[in-house]
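For reference, the chains in residue letters:
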Amino acid sequence: MRSLGLYVPGDSFLHRAPAGAKLLVLLVFGVATVFLNQWPGVTVALVVVLGLYAWARIGWRMLFAQIRPLWALLLFVAVFHTWVSGPVRAYEVLGALIALVLAAALVTLTSPVSAMVDAVVAAARPLRRLGADPERIGLMLTLGIRCVPLMAVLVREVSEAQWARGAQRSVRAFAVPLIVRALRQADALGESLVARGVDD
Amino acid sequence: MTAQRSTSRDLALIAIFAGVMAALGLVPAIYLPLTPVPITAQSFGVMLTGAILGGRRAAASMTLFLGLVAIGLPLLAGGRGTIGVFAGPSVGFLLGWIVVAWLIGVLTARAGAPYRLPAGIGINLLGGVIVLYAFGIVGMLLRTQMTVPAAVLANAPYIPGDIVKAVLAAVIAKGVHTAYPGLLRVRRPARARA
């Protein structure tokens, strides 16, 4: 199922590792990149991340898709650092940035959305003493996931209505009915939550 | 994220507006004459959510939306997602969304009903342009170690589009508050009805 989520199915060690453990390793890696900011350390980090992608059998295309939206900005940063403090510094800054972006993306690519929800709920459990409610966080995430296709349907309905009225150029004639319908949908959703006992 | 408990209607609004943000990621970019930078709808959605839901719910809604992105839904404009975006140079903008939605929400709620366009535009410009870019630029400085002028230069092309979006968000918010009253408290002699 590729309709929702960026998960790439597979059965590598990384796919089978629990999502919570992967998030923890990512956290350690993120802290490590702050200290590994010289070129040898950055190179090690990049090689490790590329190795992990190969291990998880995630292809080059998917790997580049994680960086592609950033290319214009990365180019700007590269030019800036090369100009101000030389190509080595540019490599160090960009290499550390790309390594961490790829590593973080790898956690998502190898973990199904449901496993990530469970990991977030489990991570919130120790925070209960600080006032967090892990079950409610889990409920909100699943509600949010449900609302994505729900709103996509509303967008289609509203734009069809707009076409029928021949007003397809107006942003206002699109957004106002969309948001009003969304608010009515929220009322209905709120009532169904009350009916299921999610109220206080 | 706050000690205050939400009602189930609040939960529904928070979730639905996370869905609205996702839907705005699907809206194709709008090109305006004289500006080379496409206008994507999502930063418009941040301002709109604040101007409609009020501070606490809007901030929760943005947090939920970013949470959905983090756990792997490709909801950012152009189908981007994953935790990777929070390690990238735009992290300041993303986390700024939460603060901006909260700020716009609090100020809009304080201005009260009926929603007034000039005040709404002012609030949106303050939150969605000035505060958001402050967050965005600080994030970029931390992640790319550029100087402040370079980071400002990298972001400057997007500012005119965001000014247009701030105005547009206020116009839409006025339309929504007119068609669906009751979200903002009427500023009249306090507590006429409980």
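For the structure, check the block above.
In this text the structure is predicted, and so the values were computed from the model without any measurement.

(A) A look at the overall build of chain B. Along chain B, the regular secondary structure elements total 7 helices and 0 strands. The order of α-helices and β-strands along chain B, N terminus first, is α-α-α-α-α-α-α. Residues counted as buried form 56% of the 194 residues belonging to chain B. The long-range fraction of contacts in chain B, counting pairs at least 24 apart against all pairs at least 6 apart in sequence, stands at 70%. Carbon and sulfur atoms make up 69% of the accessible area of chain B, which amounts to about 8200 Å² in all.

(B) Geometry of the packing of aromatic side chains. Residues and elements named next belong to chain A. Under the defined criterion, the tally for this structure stands at 4 aromatic pairs over all chains. Ring geometry for tryptophan 60 against phenylalanine 64: centres 6.1 Å apart, planes inclined by 25 degrees, an arrangement best described as stacked. Residue tryptophan 60 and its partner phenylalanine 64 are located together in helix H4 (residues 60-67), separated by 4 residues, close to a single helical turn. With relative accessibility at 58%, the residue tryptophan 60 sits in the exposed group.

(C) Examining unusual backbone geometry more closely. Even without being glycine, A:Arg57 reaches a positive phi, approximately 55 degrees. In this fold, A:Arg57 is placed in the loop between helix H3 (39-55) and H4. In this model, B:Gln145 sits at a positive phi of 50 degrees, which is unusual for a non-glycine residue. With respect to the helices and strands, the residue B:Gln145 is situated in the loop between helix H5 (117-144) and helix H6 (148-155). Among the residues examined, B:Gln145 registers a relative accessible area of 40% and is labelled partly exposed.

(D) The arrangement of the pattern of salt bridges in detail. Scanning the entire structure with this criterion turns up 8 salt bridges over all chains. Via salt bridges that share partners, A:Arg125, A:Arg128 and A:Glu135 belong to a single interconnected network.

(E) Region of interest: the interface of chain B and chain A. Listed per partner, the contact involves 56 residues of chain B and 60 residues of chain A. Counting the surface lost from both chain B and chain A, the interface buries some 4800 Å², and carbon and sulfur atoms represent 80% of this. Looking only at chain B, the three residues that lose the most surface to chain A are B:Leu11, B:Ile16 and B:Ile71, adding up to 14% of its buried area. Across the chain B-chain A interface, the total number found is 1 salt bridge. Note that B:Arg9 is salt-bridged to A:Asp187, the shortest N-O span being 2.8 Å. For the side of chain B that touches chain A, the secondary structure elements donating two or more residues are helix H1 (8-24), helix H2 (42-53), helix H3 (55-70), H5, H6 and helix H7 (159-179) of chain B.

(F) Representation of empty space enclosed by the protein. Residue and element names in this part refer to chain B. Considering all chains together, one arrives at 1 cavity of 30 Å³ or more under this definition. By volume, the largest cavity amounts to about 50 Å³. Taken together, Thr108, Ala111, Gly112, Pro114, Tyr115, Arg116, Ala119, Gly120 and Ile123 make up the full set of residues lining the largest cavity. Elements with a contribution of two residues or more to the lining of the largest cavity: helix H4 (91-111) and H5. At 3 residues, the largest contribution of residues to the lining of the largest cavity is made by H5.

Reading the values: rules and limits
- Residues numbered from 1 in each chain as written.
- Chains lettered and ligands numbered in written order.
- Predicted model: local features only at pLDDT ≥ 70, side-chain atom pairs only at ≥ 80, totals over all residues.
- Heavy atoms only, no water.
- Helix = DSSP H or I, 4+ residues; strand = E, 2+ residues; numbered from the N terminus.
- Buried < 20%, exposed > 50% of the residue type's maximum accessible area, 1.4 Å probe, protein only.
- Contact = heavy atoms within 4.5 Å.
- Areas by Shrake-Rupley, 256 points an atom, 1.4 Å probe, with all protein chains shown as cover.
- Phe/Tyr/Trp six-rings, centres within 6.5 Å; stacked < 30°, edge-to-face > 60°.
- Salt bridge = Lys/Arg side-chain N within 4 Å of Asp/Glu carboxyl O.
- Buried area = accessible area lost by both parts, 1.4 Å probe.
- 1 Å grid on protein atoms, 1.4 Å probe; cavity = no way out; pocket = protein on both sides within 12 Å on 5 of 7 lines; lining within 4 Å.
- Points joined across faces, edges and corners; volume = space filled by probe spheres on them.

Just geometry here; none of it tells us what the structure is for.
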